[in-house]
Amino acid sequence: MLTAKSIIKHYPALSCSSKTQTQTQNPKKPNFAFPILHSPSPKARSLSITNSAQDDAATAGQFRVDILSESLPFIQKFRGKTIVVKYGGAAMKSQELQASVVNDLVLLACVGLRPVLVHGGGPEINQWLKRVNIPPVFHEGLRVTDSQTMEIVSMVLVGKVNKHLVSLINRAGATAVGLSGMDGQLLTARPSPKSQQLGFVGEVARVDPTVMRPLIDSGHIPVVTSVAADESGQPYNINADTVAGELAAALGAEKLILLTDVAGILEDKEDPNSLVKKISINGVKRMVEEGKVGGGMIPKVHCCVRSLAQGVRTASIIDGRVPHSLLLEIMTDKGAGTMITE
């Protein structure tokens, strides 16, 4: 592992002890206390600055090479594997975090992983509802979606947010393709059991990834929004976590990653330092039963458990507020949140 000691080992000039050693070995070295009398010539100063810049560049280059070398086992582990990432929350609101997520996806694609991005867009929907004077309404944390609201949801998610993300990924150097659940009948929806209260809020009835496989195989990054239609063609708004989990299962993904606005699953909900780094399905179910997992984390946990039961190897709930959290989760042993396994 790359540490301060290893850097100093390769570059002893960076060590405080090396300076002391040099002074000890040259006790008669003159003390340049009078810069006017003893200042080096402009040419000598130029050479000194040039050498210093070259040393700094060599150090930075070595540091990057060491990091890349340490990433090799993780690249080998995930190369050729499908990774489904659900994107939303704070990472979607902040331009800096948005750039971080996009760059991470492109880097993962460049080293041979096969990422799929699934997104929602709640804040954008709320902004556009206000523009057309439709007040956002929620029931038990879920958006009440009447026919007018459903039109705005489709317009914003399919026509605006999806294409914006596609553009960002393309600009960062990869090739993205935007899809909704209706494209190629990727997703077939059914009404929620609470449809009387929620309106056109749906669930995933069926997944047919036929349209996605050629895209993934050819190195494209599919960007999927969580709008789908039922058998009659009626559009539904579906929870993006649920869509990500069902897609991961249908694609035989190696890993499902949910970007959230919290550190992950906490042993003590009141203690942000009590992060559970790794837990089994039985362990997380026990935490739900004991009330340690509650609120908006419950549907995320259920989504992860369901995807694992359908063959996904691991599912992680990670902190999307941390820059490059995707790389931390995939390319390090430490990770960036909670990983749930069988």
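Remember, it's a predicted structure, so these values are computed and weren't measured experimentally. (Residues numbered from 1 in each chain as written. Predicted model: local features only at pLDDT ≥ 70, side-chain atom pairs only at ≥ 80, totals over all residues. Heavy atoms only, no water.)

A.B. asks: Report on helix α6 (residues 95–110), specifying residues and quantitative values.
C.D. replies: Taking 1.5 Å per residue as the helical rise, α6 with its 16 residues ought to reach 22 Å, and the 22 Å between its terminal C-alpha atoms agrees with that figure. Taken as a whole, α6 has its buried residues at Leu-97, Gln-98, Ser-100, Val-101, Val-102, Asp-104, Leu-105, Val-106 and Leu-108. A positive backbone phi angle near 105 degrees is found at Gly-112, which sits one or two residues after α6. (Helix = DSSP H or I, 4+ residues; strand = E, 2+ residues; numbered from the N terminus. Expected span 1.5 Å × (residues − 1). Buried < 20%, exposed > 50% of the residue type's maximum accessible area, 1.4 Å probe, protein only.)

A.B. asks: Mind laying out the side chain of Ser-325, listing which residues take part and the relevant values?
C.D. replies: The topology assignment puts Ser-325 in helix α14 (residues 325–331). Taking relative accessible area as the criterion, Ser-325 reaches 3% and is therefore assigned buried. Of note is the side chain of Ser-325, whose polar atom sits 3.3 Å from the backbone oxygen of Asp-319. Sequence-distant contacts of Ser-325, defined by excluding residues within four places in its chain, comprise Asp-104, Leu-259, Ile-318, Asp-319, Gly-320 and Ala-336. (Polar contact = N/O pair within 3.5 Å; in protein donor to acceptor, adjacent residues only side chain to side chain. Contact = heavy atoms within 4.5 Å.)

A.B. asks: Could you give me a rundown of the packing of helix α7 (residues 122–131) against helix α8 (residues 147–171), with the residues and numbers involved?
C.D. replies: Two elements in contact, α7 and α8, have axes separated by 9 Å at closest approach and are oriented at 125 degrees. On the basis of the axis angle, α7 is oblique to α8. Where α7 crosses over α8, the handedness of that crossing is right-handed. Touching Glu-124, Ile-125, Trp-128 and Leu-129 of α7 are Thr-149, Ile-152, Val-153, Met-155, Val-156, Leu-157, Lys-160 and Val-161, all from α8. The residue makeup of the contact of α7 with α8, split by class, is 9 nonpolar, 1 polar and 2 charged. (Axes fitted to C-alpha atoms, helices over the stretch in contact; angles between N-to-C directions. Parallel < 35°, antiparallel > 145°, perpendicular 65-115°, else oblique. Left-handed = near helix turned anticlockwise from the far one by under 90°. Nonpolar A, V, L, I, M, F, W, Y, C, P; charged D, E, K, R; others polar.)

A.B. asks: So what's going on with unusual backbone geometry? Residues and values would help.
C.D. replies: Phi angles above zero are rare outside glycine, and Asn-133 is one such case at about 60 degrees. Tracing the backbone through its elements, the reader meets Asn-133 in the loop between α7 and β3 (138–139). Phi is positive for His-324, close to 60 degrees, though the residue is something other than glycine. For His-324, a relative accessible area of 36% gives the class partly exposed.

A.B. asks: Residues and numbers for the layout of surface pockets, please.
C.D. replies: As a volume, the largest pocket reaches approximately 1,400 Å³. For the lining of the largest pocket, the class distribution of residues is 18 nonpolar, 16 polar and 12 charged. (1 Å grid on protein atoms, 1.4 Å probe; cavity = no way out; pocket = protein on both sides within 12 Å on 5 of 7 lines; lining within 4 Å. Points joined across faces, edges and corners; volume = space filled by probe spheres on them.)

A.B. asks: Break down the sheet that holds strand β13 (residues 314–319) for me, citing the residues and quoting the values.
C.D. replies: The strands that make up a sheet are held in pairs by hydrogen bonds between backbone atoms, and each pair lies either parallel or antiparallel. Spatial ordering of the open sheet is given by β5-β8-β2-β1-β11-β13-β14-β12, a layout of 8 strands whose pairing is mixed. Every other strand in the sheet has two partners, leaving β5 (176–180) and β12 (278–280) as the edge strands with one partner each. The sheet shows a mean angle of 20 degrees between the axes of neighbouring strands, direction not considered. Strand direction decides the pairing type here: strand β11 (residues 255–260) and β13, joined by 6 bridges, are parallel. Residue pairing across strands places Ile-257 opposite Ser-316, the latter belonging to β13. Across the sheet, helix α11 (residues 240–251) lies against β1 (82–87), β2 (114–119), β8 (221–225) and β11, angled at about 175 degrees from β1, the strand it touches most. (Pairing = 2+ DSSP bridges.)

A.B. asks: I'd like a rundown of the state of the cysteines, residues and numbers included.
C.D. replies: For the structure on display, the rule yields 0 disulfides. Distance from the sulfur of Cys-303, which forms no disulfide, to the nearest cysteine sulfur (Cys-304) is 5.1 Å. (Disulfide = S-S within 2.5 Å.)

A.B. asks: Pulling in residues and values, what's your account of the side chain of Ser-307?
C.D. replies: Along the chain, Ser-307 turns up in helix α13 (residues 297–309). Among residues more than four places away in sequence, those in contact with Ser-307 are Gly-245, Leu-256, Val-312 and Ala-315.

A.B. asks: For the environment of Leu-129, give the residues involved together with the corresponding values.
C.D. replies: By secondary structure assignment, the location of Leu-129 is in helix α7. Accessibility expressed as a relative area gives 1% for Leu-129, which makes it buried. Taking the C-alpha atoms as reference, Leu-129 lies 7.4 Å from Thr-149; in sequence the two are 20 residues apart. Residues contacting Leu-129, with those up to four places away along its chain left out, are Ile-134, Pro-136, Arg-143, Thr-149 and Ile-152.

A.B. asks: Describe in detail the pattern of salt bridges, supporting the description with residues and values.
C.D. replies: The full count for this structure, using the stated rule, is 13 salt bridges. With a shortest N-O distance of 3.4 Å, Asp-241 and Lys-86 are connected by a salt bridge. Residue Asp-241 is found in helix α11, and its partner Lys-86 is found in strand β1; the two are separated by 155 residues along the sequence. One exposure class covers both Asp-241 and Lys-86, and it is buried. (Salt bridge = Lys/Arg side-chain N within 4 Å of Asp/Glu carboxyl O.)

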